[in-house]
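Given next are the chains, with one letter for each unit.
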Amino acid sequence: MQIVIIGNGVAGMNAALTVRERHADWSITLISEESDHFFSRTALMWIFSGQLSHRDTEPLERDVYERLNFRRVRGRAVGMDTAAKRVQMGGELEDVSYDRLLIACGSRPRPAPFWQGYGDLTGVGHFVTHQDLAWYEREVHGGPSLAGGPPNADAHLSSSTADSPYQPRPAAAEARGHKAREVAVIGGGLIGIEAVEVAHAAGLKPHFLIREEWFWPMALSKQESTWIAARMAEHGVQMHLETEVEGFDSVDGLVSGVRTSKGTVAADAVVVAIGVVPNTAWLADSDLELDKGGAIVVDAGLRTSVPDVYAAGDCASVKWFNGIQRPEQLWYTGRDQGKRVGRALCGDEVTYKRGTFYNSAKLFDIEWTQAGLVGFDLEDEDELYFEESGTVRSTVRIVSQRGQVKGFNLLGRRWNHAVLVRWINERRSPAYVLAHLAEATFDTEFVPALSVPADVRAQA
Amino acid sequence: MYAQGQDGLMSTYRSAWRTRSPRTYALSALIIGLYCALYFTDVFEPIAQALHLRNKWFLYGTVYSILMIGGGLYFLKAHGNSRYHKIRIAVNVAIQVVLGLSLPYAMAFFGHPDYYFSYFWPLKYDYLMPGTLNYLPWYLALYSVVGAFIIVPFGALFFGKRWYCSWVCGCGALANTFGDPWRHMTSTSTESWRFEKVSIYAVLVFILVATAMMFGDWFGGNQIGWFHETAEWTKYIYGFLVGSILSGVIGTGVYPILGPRIWCRNFCPMAAILGITQKAGRFRIAVKPDMCISCGNCSTYCEMGIDVRAYAQQNETFTRSSCVGCGMCAHVCPRGVLKLENAWDENTDKANAGQLTIEF
Ligand SMILES: Cc1cc2nc3c(=O)[nH]c(=O)nc-3n(C[C@H](O)[C@H](O)[C@H](O)COP(=O)(O)OP(=O)(O)OC[C@H]3O[C@@H](n4cnc5c(N)ncnc54)[C@H](O)[C@@H]3O)c2cc1C
Ligand code: SF4
Ligand code: SF4
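Here the structure is a predicted model, which is why all the values come from computation and not from measurement.

Peer 1: Requested: an account of the overall build of chain B, with residues and values cited.
Peer 2: Helices and strands together make up the secondary structure of chain B, namely 17 helices and two strands. Rg of the C-alpha trace for chain B: 22 Å, near the compact-globule value of 21 Å for 360 residues, within the 12% margin. Considering only C-alpha atoms, chain B reaches an extent of 75 × 45 × 35 Å along its principal axes. Pairs at least 24 residues apart make up 73% of the contacts formed inside chain B by residues separated by at least 6 positions. For chain B, the accessible surface area stands at approximately 14,800 Å², while carbon and sulfur atoms represent 69% of it.

Right, dumping it as structure tokens:
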């Protein structure tokens, strides 16, 4: 049996491990353009600052390919011949034949309309791939940390194509002769705030250009976001809210500023972080069914529209808990889909179905946890909100509907989301949840316990 | 305001002082040289005398305390926003400055034997040797015995190994203060773990044998020439190899290139005993299910080379005998996945995890 997996990210690698556990003798090929090793994409920011080395972000030992007998093809897949069951490779690489194929090719940065028509403008980039990281490191730090870059960084180039997100990007800093002094980050989401934080950690006072009225309205209320914004401002981040980017200024092909609806912001390095889209441009001519956004449509068994071809991770369009069909672009969902699709590759009937949504992040030094339905404007929605200040500063927002708790949005403390999800699934009342709320905290020792103010309890 | 979690990003690998570089190798060689001079020559005696210290060991204690306090301030600057770290480091340094330096000095000054209340057998192996017990005043002898057989194991049973290794011990205090800049140098490789498993119990067996022989010697063995000689020789080798070379020269000397806990992880017999009791006790690191992003901060900054990420990825709450409970994994985790706790009750995370991922 020939198993071929495109992508050695969290989805692809977990699928490969699952298959190998069951079948010691099956041939497993991992095709990967970006890197030799499976790494944690979520950790790019720490590599940038120097907190982690590339090796530190790789969850498996580097000999795993030899040890588990995975064949590695380092290069770009450029198309598929589904009738002949073959993956076409770029450059001189031979096509790869499969019996069962998994596509786990992840996301790529969302292309920005305001960046079109600038030709070879240098100094503008993204923060999603290893190659983006290397570019941004060169702009701000002059290069990677003393731990170095990833091994064989350029091994894919001979098979790569110009439109690949894994193309290295020249840095304006090199042409200009000095490192970036003014950095601008466009796009107020999680990747944006990470790009801002790393520039701040490098000693800069980055500009943060956000189209919306406040930072990250998808996840935070205005009130909550105000705290994050104040914290960023304390650190010297220059926030530009309700600012629409229109284009760039440049000198000799090197970016010199960002033109916006509110004037020009001087910048010698610009990170465009307006989201990610499925990395499926190379599948445009194939007979796989893609959704509106370009994600590969899969059924509950993670099967695509073509027999023996599966998809998982960021590039797969799955049915969400609320019935909507779109990709889940999260680490733990990628891991779970990978494990499950691994069993499908073994021939099992599997069903993938996600439970109540949750996520967490760290926004500068403020920890954020969300569970359930927050920001969905439910019919008859109620909201409880309170803040703590003192040794611990935190905010708690509980969304409920007709006496049943539906969601939590929490800043400042650590929370065991598993308990919060259980309460949602048990349809607990706001009064019950408030009475037990401290049990769901997951703070480190000696952090004072949460106490719910009396007036909030009375309100419930 | 921000009582937990790493505050700001670290720039560890962007400093040549914190990566394997000519600089850190030179620093390592310097420390090893100083330790050799201290243990095997008397070059520090005149300096001690010039400073009106009784002998070179008091000079060593003074330098040790200065490094610990300076390193402690560095540590607090880097991680002091966390309440766990603030309290822990303050207690550990205070105990060392009082019990490890000032009190013995004062006792010596008043003509007492200089006794270190913060050390127990087998770390201070002569505290349970019959010769020492006989020579100490009865209350100190009693403290030595109670310390080794009751305080140490029961402390670990209730609070984990950390009560000693990260809150009291002098080796631990130096590792977590002066040694903190190099904690990421500890190897996480499978080979380093294989080595540790063998070496730490080998030293434990060594000290058990040496102690038993000293008792045998005391209770009549010294009448038999060859036995007496072997016992003395065993004690001497232990003192030289483990007491000086492994704990001092190597243990501290390789901080800048192999991390600050080489001694604690691979050789300390006290750590071996504490680790065994910790496994049977309440202490554990709770893992919040399905929230880990596999970033590797925990494994990188674990000074004992434990692959914490591997447990976190598998939603597995765990207790490892080598874990000294420094709390750094939980501190640097950007998703708040880990939590150090003392609890007897069954962990419920597995049950909770079942609700997150719909099984098939
Ligand atoms: C900066 C950043 C921070 C993030 N932080 C978080 C977070 O905190 N929490 C969270 O849940 N999620 C986070 N995410 C999202 C998370 O990283 C992704 O959901 C996850 O990595 C997706 O994994 P995957 O296996 O689907 O794809 P990927 O990790 O993208 O892997 C896809 C792989 O496929 C290969 N590939 C792609 N196209 C081709 C081709 N044509 N030919 C050959 N090989 C190809 C490449 O080698 C690539 O490595 C973050 C993402 C970014 C960019
Ligand atoms: S596992 Fe965590 S608490 Fe234990 S030694 Fe490692 S970093 Fe410290
Ligand atoms: S437990 Fe935390 S620090 Fe460790 S890998 Fe997971 S997210 Fe990172």
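Peer 1: Lay out the overall build of chain A with the relevant residues and their values.
Peer 2: Secondary structure summary: chain A contains eleven helices and 26 strands in total. Reported as C-alpha extents along the three principal axes, the dimensions of chain A are approximately 70 × 60 × 40 Å. Within chain A, buried positions represent 59% of all 460 residues. Partitioning the contacts of chain A with sequence separation of at least 6, the portion at a separation of at least 24 is 63%. Accessible surface, chain A: about 17,800 Å² in total, of which carbon and sulfur atoms supply 47%.

Peer 1: How would you summarise the site of ligand 1 if you had to cite specific residues and measurements?
Peer 2: Lining the immediate environment of ligand 1, one finds 33 residues, of which Glu 34, Ala 77, Asp 314 and Trp 331 of chain A together with Arg 335 of chain B sit closest. Ligand 1 is flanked by residues contributed from chains A and B. In this structure, an oxygen atom belonging to ligand 1 sits 2.8 Å away from a main-chain N or O atom of Trp 331 of chain A. Out of a free accessible area of 990 Å², ligand 1 has 96% covered by protein chains.

Peer 1: How would you explain the nonpolar core if you had to name every residue and give the values?
Peer 2: With 205 residues, the main nonpolar core has Ile 103, Tyr 136, Phe 215, Phe 408 and Leu 437 of chain A together with Tyr 164 and Leu 338 of chain B as its most contacted residues. Grouped together as the second largest cluster of nonpolar side chains are 16 residues, Ala 112, Phe 114, Val 124 and Leu 209 of chain A included.

Peer 1: So what's going on with the site of ligand 3? Residues and values would help.
Peer 2: Residues and elements named next belong to chain B. In the vicinity of ligand 3 lie 13 residues, with Cys 292, Cys 295, Gly 296, Cys 298 and Cys 333 positioned nearest. If you list the elements that add at least two residues to the shell around ligand 3, you get helix 14 (297–301) and helix 15 (308–313). Taken together, the residues of the shell around ligand 3 break down into nine nonpolar, three polar and one charged.

Peer 1: Describe the interface of chain A and chain B, listing the residues and the values that go with them.
Peer 2: Counting from both sides, the interface comprises 71 residues of chain A and, opposite them, 59 residues of chain B. Between chain A and chain B the total buried area reaches about 5,600 Å² when both faces are included, carbon and sulfur atoms providing 50% of it. Our count for the contact surface shared by chain A and chain B stands at three salt bridges. The shortest N-O distance in the salt bridge between Arg 14 of chain B and Glu 137 of chain A comes to 3.7 Å. Where chain A meets chain B, there are 32 residue pairs in polar contact (both at pLDDT 80 or more). Listing elements by their share of the side of chain A that touches chain B, those giving two or more residues are helix 2 (44–49), helix 6 (190–201), helix 7 (222–234), helix 8 (331–345), strand 22 (358–363), strand 23 (366–372) and helix 9 (417–425) of chain A. Its residues assigned to classes, the side of chain A that touches chain B shows 28 nonpolar, 21 polar and 22 charged.

Peer 1: Can you explain the packing of aromatic side chains? Please cite residues and give values.
Peer 2: As enumerated under the stated definition, the model contains 46 aromatic pairs over all chains in all. Measuring from ring centre to ring centre gives 5.8 Å for Tyr 35 of chain B and Tyr 60 of chain B, while their planes differ by 75 degrees; the resulting arrangement is edge-to-face. Placement of Tyr 35 of chain B in helix 1 (residues 22–40) and of Tyr 60 of chain B in helix 3 (residues 56–79) is noted, with a sequence separation of 25 residues between them. Ring geometry for Phe 178 of chain B against Tyr 255 of chain B: centres 6.0 Å apart, planes inclined by 35 degrees, an arrangement best described as tilted. Separated by 77 residues along the polypeptide, Phe 178 of chain B in the loop between helix 8 (170–176) and helix 9 (190–218) and Tyr 255 of chain B in helix 11 (residues 255–258) bring together distant segments of the chain. Its relative accessible area of 3% is what places Tyr 255 of chain B among the buried residues. Sitting above the plane of the Tyr 432 of chain A ring, Arg 428 of chain A keeps its charged end 4.1 Å from the centroid. Between the NZ or CZ atom of Lys 339 of chain B and the centre of the ring of Phe 442 of chain A, over which it lies, the distance is 5.8 Å.

Peer 1: So what's going on with empty space enclosed by the protein? Which residues, and what values?
Peer 2: For the structure on display, the rule yields ten cavities of 30 Å³ or more. Approximately 140 Å³ is the volume attributed to the largest cavity. Around the largest cavity, the lining comprises 14 residues; the ones closest to its centre are Trp 46, Glu 197 and Lys 362 of chain A together with Leu 9 and Pro 334 of chain B. Those elements that place two or more of their residues in the lining of the largest cavity are helix 2 and helix 6 of chain A. Across the lining of the largest cavity, the residue classes tally to six nonpolar, three polar and five charged.

Peer 1: Can you explain helix 4 (residues 130–140) of chain A? Please cite residues and give values.
Peer 2: Residues and elements named next belong to chain A. Across the eleven residues of helix 4, nine count as buried, placing the element largely inside the fold. Buried residues of helix 4: His 130, Gln 131, Asp 132, Leu 133, Trp 135, Tyr 136, Glu 137, Glu 139 and Val 140, and no others. At the C-terminal side of helix 4, Gly 142 shows a positive phi close to 85 degrees.

Peer 1: So what about the packing of helix 1 (residues 10–22) of chain A against helix 8 of chain A? Which residues, and what values?
Peer 2: Residues and elements named next belong to chain A. For the pair helix 1 and helix 8, interaxial distance at closest approach is 7 Å and the crossing angle is 35 degrees. The chirality of how helix 1 crosses helix 8 is right-handed. Of helix 8, the residues touching helix 1 (which contributes Val 10, Ala 11, Asn 14, Ala 15, Thr 18, Val 19 and Arg 22) are Trp 331, Gly 334, Arg 335, Gly 338, Lys 339, Val 341, Gly 342, Arg 343 and Leu 345. Broken down by class, the residue content of the contact of helix 1 with helix 8 amounts to seven nonpolar, five polar and four charged.

Peer 1: Please provide a residue-by-residue account of the sheet that holds strand 12 (residues 238–240) of chain A, values included.
Peer 2: Residue and element names in this part refer to chain A. An order of 9-16-10-11-12 is seen for the five strands of this open sheet, with the pairing classed as parallel. Either end of the sheet is taken by a strand with one partner, and the two such strands are strand 9 (124–125) and strand 12. Relative to strand 16 (residues 269–272), strand 9 runs parallel, the two sharing two bridges. Looking at the pairing, Val 124 lines up with Val 270 of strand 16. The strands that helix 4 touches are strand 9, strand 10 (183–186) and strand 16; relative to strand 16, the one it contacts most, it runs at about 150 degrees.

Peer 1: Which residues make up the side chain of Ser 317 of chain A, and what values do they have?
Peer 2: Relative to the elements of secondary structure, Ser 317 of chain A occurs in strand 20 (residues 316–319). Ignoring any residue separated from it by four or fewer positions in sequence, one finds Ser 317 of chain A in contact with Asp 291, Ala 295, Ile 296, Val 297, Val 298, Gln 325, Arg 326 and Pro 327 of chain A.

Peer 1: I'd like to hear about the environment of Pro 137 of chain B, residue by residue, with values.
Peer 2: Residues and elements named next belong to chain B. On the secondary structure map, Pro 137 appears in the loop between helix 5 (130–135) and helix 6 (138–159). Judged by relative accessible area, which is 22%, Pro 137 ranks as partly exposed. For the pair Pro 137 and Gly 111, spaced 26 residues apart in sequence, the C-alpha separation works out to 12 Å.

Peer 1: Explain the pairing of strand 14 (residues 254–260) of chain A residue by residue, including any values.
Peer 2: Residue and element names in this part refer to chain A. With five of seven residues buried, strand 14 lies mostly within the body of the structure. Bridge count for strand 13 (residues 245–251) against strand 14 is six bridges, and the pairing is antiparallel. Residue Asp 249 lies in a different strand from strand 14, and its bridge partner there is Gly 257. Where strand 13 folds back onto strand 14 in an antiparallel hairpin, the turn is made up of two residues, including Asp 252, whose phi is positive at roughly 55 degrees. One ladder, built from four bridges, connects strand 14 with strand 15 (residues 263–266); its direction is antiparallel.

Peer 1: So, the environment of Leu 190 of chain A: which residues are in play, and what are the values?
Peer 2: All names here are of chain A. Among the secondary structure elements, Leu 190 is positioned in helix 6. Residue Leu 190 is classed as partly exposed on the basis of its relative accessible area of 22%. Taking the C-alpha atoms as reference points, Leu 190 and Trp 216, separated by 26 residues in sequence, lie 7.9 Å from one another. Residues in contact with Leu 190, not counting those within four places in the same chain, are Trp 216, Ala 361 and Leu 363.

How each quantity is defined
Residues numbered from 1 in each chain as written. Chains lettered and ligands numbered in written order. Predicted model: local features only at pLDDT ≥ 70, side-chain atom pairs only at ≥ 80, totals over all residues. Heavy atoms only, no water. Helix = DSSP H or I, 4+ residues; strand = E, 2+ residues; numbered from the N terminus. Rg over C-alpha atoms; globule rule 2.2 N^0.38 Å. Contact = heavy atoms within 4.5 Å. Areas by Shrake-Rupley, 256 points an atom, 1.4 Å probe, with all protein chains shown as cover. Buried < 20%, exposed > 50% of the residue type's maximum accessible area, 1.4 Å probe, protein only. Near = heavy atom within 4 Å. Polar contact = N/O pair within 3.5 Å; in protein donor to acceptor, adjacent residues only side chain to side chain. Core = buried A, V, L, I, M, F, W, Y, C linked by side-chain atoms within 4.5 Å. Nonpolar A, V, L, I, M, F, W, Y, C, P; charged D, E, K, R; others polar. Buried area = accessible area lost by both parts, 1.4 Å probe. Salt bridge = Lys/Arg side-chain N within 4 Å of Asp/Glu carboxyl O. Phe/Tyr/Trp six-rings, centres within 6.5 Å; stacked < 30°, edge-to-face > 60°. Lys NZ or Arg CZ within 6 Å of the ring centre and 35° of its normal. 1 Å grid on protein atoms, 1.4 Å probe; cavity = no way out; pocket = protein on both sides within 12 Å on 5 of 7 lines; lining within 4 Å. Points joined across faces, edges and corners; volume = space filled by probe spheres on them. Axes fitted to C-alpha atoms, helices over the stretch in contact; angles between N-to-C directions. Left-handed = near helix turned anticlockwise from the far one by under 90°. Pairing = 2+ DSSP bridges.

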